[in-house]
Amino acid sequence: MANEQSNSANPNVDLKYRRKKNAEEMKHQVISFTLMIFFTLIAFAAVGIEGFSHWFIKPVILLLAAVQVVFQLYYFMHMKHKGHGTIALFLFSGLAVGLITVLVFTTIVWL
Amino acid sequence: MSTYANKKGFGATIWDYLTTVDHKKIAILYLISGGLFFVIGGLEAMFIRIQLAIPNNDFVSAGFYNEILTMHGTTMIFLAAMPLVFAVMNAVVPLQIGARDVAFPFLNSLGFWLFFFGGIFLNLSWFLGGAPDAGWTSYASLSLHSEGHGIDFYVLGLQISGLGTLIAGINFLVTIINMRTPGMTYMRMPLFTWSTFVVSALILFAFPPLTVGLVLMMFDRMFGSNFFDVAAGGNTIIWEHLFWIFGHPEVYILILPAFGIFSEIFATFSRKRLFGYSSMVFATVLIGFLGFMVWAHHMFTTGLGPIANAIFAVATMAIAVPTGIKIFNWIFTMWGGSVKFTVPMLYAVAFIPTFTMGGVTGIMLASAPADYQYHDSYFVVAHFHYVIVGGVVLGLLAGINFYWPKMFGTMLNEKLGQITFWTFLIGFHLTFFIQHFLGLMGMPRRVFTFLDNQGLNTGNMISTVGAFLMAFGVLVMVINIIITSVKNEKVGNDPWGDGRTLEWAIPSPPPFYNFKQLPLVRGLDPYWVEKMEGKTEMTPAEPLGDIHMPNSSILPLTIAFGLFVAAFGALYNMDDKTWTLPIIIVGLLITFGSMLIRSVKDDHGYHIHKEDLMDDKDKGGKA
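As recorded in an unreviewed UniProt entry, chain B goes by the name Cytochrome c oxidase subunit 1, listed as coming from Peribacillus butanolivorans. In its Catalytic activity (unreviewed entry) section, the UniProt record describing chain B reads: "4 Fe(II)-[cytochrome c] + O2 + 8 H(+)(in) = 4 Fe(III)-[cytochrome c] + 2 H2O + 4 H(+)(out)". Per UniProt, chain B carries the Sequence similarities (unreviewed entry) text "Belongs to the heme-copper respiratory oxidase family."

Let's shift gears to the pattern of salt bridges. Residues and elements named next belong to chain B. Overall, the coordinates contain 15 salt bridges over all chains when judged by the stated rule. A salt bridge links Arg221 to Asp152; the nearest nitrogen and oxygen atoms lie 2.6 Å apart. You can see Arg221 sitting in helix 7 (residues 191-222) and its partner Asp152 sitting in helix 6 (residues 150-178), a full 69 residues away along the chain. For Arg221, a relative accessible area of 18% corresponds to the buried category. Residue Arg522 is joined to Glu530 by a salt bridge in which the shortest nitrogen-to-oxygen separation is 2.9 Å. With relative accessibility at 34%, the residue Arg522 sits in the partly exposed group. Judged by its relative accessible area of 0%, Glu530 is buried.

Residues and elements named next belong to chain A. According to the domain assignment, chain A consists of domain 1 (1-80) and domain 2 (82-111). Each partner contributes to the interface: domain 1 provides 6 residues, whereas domain 2 provides 6 residues. Summed over both sides, the interface between domain 1 and domain 2 buries roughly 390 Å², with carbon and sulfur atoms accounting for 72% of that surface. The interface formed by domain 1 and domain 2 holds 0 salt bridges in total. Our count for the domain 1 to domain 2 interface comes out at 1 residue pair in polar contact (both at pLDDT 80 or more). Along the lines of polarity and charge, the residues of the side of domain 1 that touches domain 2 split into 4 nonpolar, 1 polar and 1 charged.

Conventions adopted
- Every residue gets a number counted from 1 within its own chain, in the order that chain's sequence is written.
- Whichever chain is written first is A, and whichever ligand is written first is 1; the rest continue in order.
- Reporting of local features is limited, given that this is a predicted model, to residues whose pLDDT is at least 70; pairs of side-chain atoms are given and counted only at 80 or more, and all residues count toward the totals for whole chains, interfaces and linings.
- Excluding hydrogens and water, the side-chain values take into account all heavy atoms of the structure.
- UniProt positions are given in the numbering used here, feature names are shortened, and annotations may be inferred rather than shown by experiment.
- Criterion for a salt bridge: a side-chain nitrogen of Lys or Arg within 4 Å of a carboxyl oxygen of Asp or Glu.
- Put simply, DSSP H or I for four residues or longer makes a helix, DSSP E for two residues or longer makes a strand, and each gets a number counted from the N terminus.
- Working definition: with a 1.4 Å probe on protein chains only, accessible area under 20% of the residue-type maximum means buried, over 50% means exposed, and in between means partly exposed.
- As used throughout, domain bounds are those supplied by an automatic or database domain assignment.
- Throughout, a residue-residue contact means that at least one pair of heavy atoms, one from each residue, lies within 4.5 Å.
- Buried area: the accessible surface (1.4 Å probe) lost by two parts on joining, summed over both.
- Polar contacts here mean pairs of N or O atoms no more than 3.5 Å apart (in protein, one a potential hydrogen donor and the other a potential acceptor; neighbouring residues in sequence count only if both atoms are side-chain atoms).
- Ten residue types, Ala, Val, Leu, Ile, Met, Phe, Trp, Tyr, Cys and Pro, are classed as nonpolar, four, Asp, Glu, Lys and Arg, as charged, and the remainder, Gly among them, as polar.

Right, here's the structure in full:
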């Protein structure tokens with residue numbers, strides 16, 4: 001339709017470029033996937049192996065979890081790509097509002 | 001071609017509105033149903049004022065008074081102010097950003113019908129054993145012990161209409177992010193669009209806590225859970241927190257669109273660019289953000305402790321800063337402008353001192369130690385009516401007057417509009433100004449009667465007289481609307497003569513596809529930019545082509561109706577009636593069946609062909 005613009009009707013345009021991009025993307029996903037499995041193993045190991053104190057295990061697991069969330073969002077859900085600025089804005093402002101509310105409840109509010 | 005231009009019969013028109021997905025028609029639906037609920041809520045207000053006109057009155061009983069008072073608050077906030085705000089948003093925002101519709105027309109219609117059936121459900125409580133009677137905040141310690149089904153009507157009705165609001169909010173977010181016409185950057189968006197954007201984000205974050213609160217309340221009342229029941233180990237304060245985490249952003253959800261409407265009106269009738277546009281945008285966003293960090297100021301006296309009270313008091317006072325920025329920007333917009341006092345402009349000018357007074361008493365209430373004195377007195381009643389009536393209602397009345405020609409193609413009568421304005425404004429101040437002093441003299445809110453010889457007689461009488469003046473003003477407005485509609489004198493693109501934004505560049509009312517060719521925006525106030533260069537219309541941003549349009553559908557109505565039916569079943573299920581389970585099942589079948597039809601049936605919409613858009617004057621060759 002005249003009012004709907006697409007870049008090209010020909011799927012062979014820039015095929016080489018797209019191939020290269022996809023290969024790169026695949027590499028990133030495999031790397032982050034391996035790392036995520038590795039992190040999960042560390043988390044299980046930290047709980048399974050005796051001798052670590054709770055004060056060490058809990059923050060480490062939480063840290064690993066946070067990194068996994070970032071991997072998930074940025075590598076698997078494509079937030080590192082262009083055009084995701086608004087999504088990031090809403091995600092992080094929502095996160096900020098939610099976390100501040102939780103912080104308020106755990107610190108100053110008697111419930 | 002152009003069969004849609006034919007005159008339609010009454011039944012066909014009704015069917016058209018029941019199935020419409022056009023944002024302009026949905027705006028009219030919101031306007032009509034919001035107006036209807038506004039009148040119902042207004043009648044409840046009149047009953048309240050009649051009851052309180054003289055001491056020891058027995059116009060209504062104590063129990064009935066509680067119901068009227070609860071329904072007045074609930075109706076006015078959820079069923080009158082919200083839909084009227086959505087009416088203006090739907091009518092104006094797609095036009096202001098140069099879009100042919102909202103991003104999801106089907107969802108837009110679904111949002112309306114969910115709100116509508118939720119509102120009807122809530123109001124049916126009057127005829128089915130009594131309305132909710134625990135105040136519009138429905139604090140758990142009261143509502144869990146409320147007899148009858150009033151509170152259940154409140155919980156289920158608000159749950160359904162809240163879904164509609166959430167859907168509408170997400171729809172506007174996507175529309176404003178994705179559907180702006182070429183050249184319409186974020187910092188060229190009109191202030192009303194900006195406030196709609198921020199408000200939609202607030203809806204997105206604020207309504208889920210209400211949903212959670214209502215679900216917990218529903219479980220407590222329907223299934224015997226104990227979230228809020230202190231005797232069984234629950235905590236009644238959780239409801240207050242959940243309600244106000246929603247409730248405080250909610251008041252900004254109402255006031256920000258009013259700010260947006262006034263910003264448009266000040267710029268238009270001062271015939272000047274809005275003073276400090278970027279600081280206005282900044283202030284709107286900041287108010288939205290701060291609105292989430294202040295909810296506990298409604299709960300200073302629940303015993304949060306001095307640290308929480310102090311932090312929330314300071315956070316609350318911080319909101320005065322961006323609001324002050326806005327007030328001064330509006331004043332500076334008028335400063336040096338060639339001001340034209342049309343009816344919308346009268347509302348806008350009256351809004352500044354009125355809203356400022358409400359804001360100042362807000363700061364008084366935000367001082368936690370002083371709040372212990374004001375709490376639950378008529379001082380609070382005066383404060384929130386000054387911000388909600390003096391801000392939101394004046395904004396909506398101004399907006400309806402301002403955008404009436406764009407929505408219906410006719411101009412409301414100026415003289416009658418002025419009568420409405422003056423009686424409403426004077427009536428408003430008569431009603432609520434005196435209530436500050438009634439509160440300071442010790443009159444508690446939510447009482448159904450007061451004693452003689454306590455110095456409260458004169459004040460309450462004055463307040464009632466004022467309420468009748470306001471009612472008169474609204475009546476004149478209704479008459480004005482009827483007269484204008486019967487006369488039906490059509491006006492052109494820009495009936496106010498000084499339109500600045502895109503909506504004034506197209507016919508009133510706009511054709512159903514809004515823009516034949518999407519306009520090219522070359523600056524803030526794009527239509528004004530073109531006018532200043534001697535042009536009479538916008539430059540198109542695209543060649544004339546086929547326009548893709550969505551098909552009408554009855555499914556949004558049936559989806560909402562199914563929930564309405566299921567809600568009745570759920571409500572009476574508490575009484576262990578056997579017929580309720582089939583009702584719930586039938587209702588949910590209607591809803592999910594409609595959703596299934598929507599999912600499996602391909603509906604690609606239709607195209608208006610280029611040839612049908614061309615006429616002798618316009619071959620579409622300008623771009």
